[in-house]
Structures are given as C-alpha cells and as structure tokens.
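Observations on the three-dimensional arrangement
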Amino acid sequence: GLEIRLAARPQGWPTRETFDVAEVPVPEPGPGQMLVRNLVMSVDPYMRGRMNAGKSYVAPFQVGSALDGGAVGQVVQSDAEGFAAGDFVLHSAGWRDYAVLDGRSATKVDPDIAPLNAYLYVLGMPGMTAYAGLVDVARQQEGDTVFVSGAAGAVGSLAGQIAKLRGAKRVIGSAGSAEKVRYLTEEIGFDAAFDYHDGPVAEQLAAAAPDGIDVYFDNVGGEHLEAAIGALNDFGRVAECGMISQYNNATPEPGPRNMFMLVSKRLRLEGFIVGDRMHVQDQFRADVGGWLRDGKISYRETVVDGLRSAPDAFLGLLRGENTGKMLVKIADP
Ligand code: NDP
C-alpha cells in the first residue's frame, strides 16, 4: 500500500514538495490489534499547523513519517475485542492505505445510518465544530444576526444553516468566489453573502448587515475579524474557530486595529477547540440528526479521487477549491 509522508516543513505555503508518496508493505497487526483498509480520509486546515515544528494544539507531524488525520476504513482482520472483519471504523490514521489499530483508537460506524463520508463531516468533527461554536461558545440566541466567514466551507456552511434553524434573524456569509456566494444564498438559505475579493470586508459587511451583527463565527481571522469587531453590536459574541487567512504566513501579521471596541461594546471573543466541547455532543447528534432526517440541512462534499491525490486535495483546500467538505476517496468497500 501507499502512505503519504511529510517530506519537509513548509515555510509559508506548502507545495507538492512538502509531501512524499511511499510504497510500504501492508503492516502486520499484533495481539489485540486490527488491520484496517482505508476507504475515505479527511484533509483539514489544522493539518497546516501540524506541519510546523512548534506545538500547536495537536502534536506536530514528523518529517519522514506518515501524516495522520481522520479517516474511515474497513476492518480486514481483527484480534481486537468487539471488532470483526468487514466492520467500518472511524479513526485517525489517515494518509495511508492500511492502518493497524487497537480497539481504543477506532470507533465503529454504521453505513446503514449514514453514508461513510458523513462521519468525517456533517455527523463528525466539522459538524460538531459548527454546532459547538454557535451553541456553546457564541451562545447564539433567537433573533440574533449572525455573520459566518469561510461560509461555503465544511464548518461554515453548516454553521450558517444551524444558526438559521436555531432562530437567527439574519445570517450573512462571506466566501471566496461568486459561485460560492450563489450557493450560500440560493441553495442553503443564507440571507446575504459576499465575495471577500470584491472589496473591503468592512464595507461589504456593513451593506449586508445595516443593523450590525450579534454573533460572528470566525473561520478566517485577519481583515474579516477586524470588520466583524467593527460591525458587532453591544454585548456581541465571537466564536473563534479558526484563522485560515494566517496559516500560511511565514511571519505574523498585525492583528485587528480596533480592539478597543471589545471594551466599548462589551464584546466577548472566545477561542475553542471542538474536542473540549464534548458535553454538547449528544445535543449535537439529536439536533443535527433530526434536521438531516427532516431534510432541513444540506451539505456538499468535494471528493478528490485516490490517495496519491491527497496532497493536491490538501493544497486545494488551502486555496479554496472546495465547496463544503474536502475529502479523499481511497478505495471502495
Ligand atoms: P473549509 O472547508 O472551510 O476549507 C477552508 C476554506 O478556507 C477554503 O475553502 C477557502 O474558501 C477558505 N480560505 C482559504 N484562505 C482564505 C483566506 N485567506 N481568507 C478567507 N478564506 C480563506 O475548512 P474547515 O471547514 O475544515 O475549517 C474552517 C475553519 O475552521 C478553519 O479555520 C479551521 O482551522 C477551523 N476549524 C477549527 C476547529 C476547532 O476545533 N476550533 C475544528 C475544525 C476546523 P474561500 O474560497 O472562501 O476562500
């Protein structure tokens, strides 16, 4: 099978040279372990942080070793209690054809309940991030006006729809192309949206939200964050989910220049990591599961074919080539 390794730590933007594709023997599971053949894997923005040497909130990748990340695979053979050949499992040993896992590192998933890809997206980590950010971090209330950046991406497209379903008065999104803006307003119910390339974010946001915003779900940082701070009403709340506009900066950029507004408008900005918000997971599953069953939430995936193309999928994600979740199809069950 193949595995994708970190060839070198990128300075600034990663390239194809950041990755190595290596042919490796199928690993042998030991006692208590299972051999899993991967079917689909996720590429996520947080992986860019793990390519740097310093510790972020997840340990860095090692140069010369396989990358890892969320994946769904099928058990080939198993000595792990509770797992049998043919079972489907969610785990974090992506970026390779075959993985050896113990029972603690794998969770069984059921393709009859939801398509396998959904466990990496709408019912998985990105879905939970959107839900927890709105409900538990920003504490979105009925009647709030909500602004979401990165709105056509995996987390953002769900955050906007969830905000609307939870009674937002108005949901505004920003994204990187006219086609994404059309998707937001015509297909998934955003009240207004704009392409952040079309002019200053502060001006476009002011036009879309003449009465200001109450909640900002930040996926982007930088100019977007400054614009949102400027547009927030008194006692506004910001869920700091990510700042993808900064991840490829070789040197830090100056932050928002209007931070005094945190004081004058009594704003609350709170960063969060989804893994710390598991106390809302049952509520997430009940709400989002119900909305999916009722056809009230829709989601898109951008699926790149083949493990060899996983580096391109990751680079494409950073350039905005995805609508909804960027996934890599590795094999058929
Ligand atoms: P997305 O599906 O949103 O993909 C990333 C998107 O970022 C691209 O499609 C692109 O869309 C956009 N983008 C790239 N560069 C820029 C830029 N300079 N300015 C504005 N937008 C840009 O990824 P995810 O949904 O997986 O993640 C979204 C955010 O959430 C990220 O910041 C990520 O780090 C964060 N995150 C945080 C978690 C947490 O626990 N805190 C968990 C999961 C994700 P476009 O065409 O619009 O530019």
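Attention in this report is confined to the structure presented alongside it. (Residues numbered from 1 in each chain as written. Predicted model: local features only at pLDDT ≥ 70, side-chain atom pairs only at ≥ 80, totals over all residues.)

Observations regarding the sheet that holds strand β9 (residues 170-175)
Where we set the bar: Being paired, for any two strands, means DSSP has found at least two bridges between them. Strands are runs of DSSP state E lasting at least 2 residues, helices are runs of H or I lasting at least 4, and numbering of each runs from the N terminus. Lines fitted to C-alpha atoms define the axes here, with helix axes fitted over just the stretch in contact, and angles between the N-to-C directions of these axes take values from 0 to 180 degrees. Any residue pair is listed as a contact if its two C-beta atoms, each placed from the backbone, are within 7 Å.
One open sheet accounts for 6 strands, arranged β10-β9-β8-β11-β12-β13; its pairing is parallel. For this open sheet the edge positions go to β10 (192-195) and β13 (268-271), each flanked by a neighbour on one side alone. Sheet twist, expressed as the mean angle between neighbouring strand axes with direction ignored, is 15°. Of the strands in this sheet, β8 (145-148), β9 and β10 are in contact with helix α5 (residues 201-208), which crosses β10 at around 160°.

Details of the packing of α5 against helix α6 (residues 223-231)
The geometry of a pair of packed helices is captured by two quantities: the angle between their axes and the separation between those axes. For clarity, the threshold we go by: By the definition adopted for this analysis, an angle is roughly parallel if under 35 degrees, roughly antiparallel if over 145, roughly perpendicular if from 65 to 115, and oblique otherwise. Handedness of a helix crossing follows the sense of rotation of the near helix relative to the far helix, less than a right angle counterclockwise being left-handed and clockwise being right-handed. Note on residue classes: Ala, Val, Leu, Ile, Met, Phe, Trp, Tyr, Cys and Pro are nonpolar, Asp, Glu, Lys and Arg are charged, and everything else, Gly too, is polar.
Taken N-terminus to C-terminus, the directions of α5 and α6 make an angle of 40°; their axes are 9 Å apart at the nearest point. Compared by their axis directions, α5 and α6 come out oblique. In this structure, α5 meets α6 at a crossing whose hand is right-handed. Listed contacts from α6 to Val201, Ala202, Leu205 and Ala206 of α5 are Glu223, His224, Ala227, Gly230 and Ala231. Taken together, the residues of the contact of α5 with α6 sort by class into 6 nonpolar, 2 polar and 1 charged.

Considering the nonpolar core
Spelled out, the test is: The nonpolar core is taken to be a set of buried Ala, Val, Leu, Ile, Met, Phe, Trp, Tyr and Cys residues joined by way of C-beta atoms within 7 Å. As a rule, residues whose C-beta atom has 12 or fewer other C-beta atoms within 10 Å are exposed, those with 20 or more are buried, and those in between are partly exposed; C-beta atoms are placed from the backbone. Note: domain ranges come from an automatic or database domain assignment.
Grouped together as the largest cluster of nonpolar side chains are 94 residues, with contacts concentrated most on Phe147, Phe217, Ala228 and Val328. Element by element, the count of residues in this core is highest for helix α2 (residues 125-137), at 7 residues. A domain-level breakdown of this core finds at least three residues from each of domain 1 (2-121 + 300-329) and domain 2 (125-293). Setting aside its immediate chain neighbours within four residues, phenylalanine 217 contacts Gly133, Leu134, Ala138, Val146, Val148, Ala159, Ala239 and Cys241.

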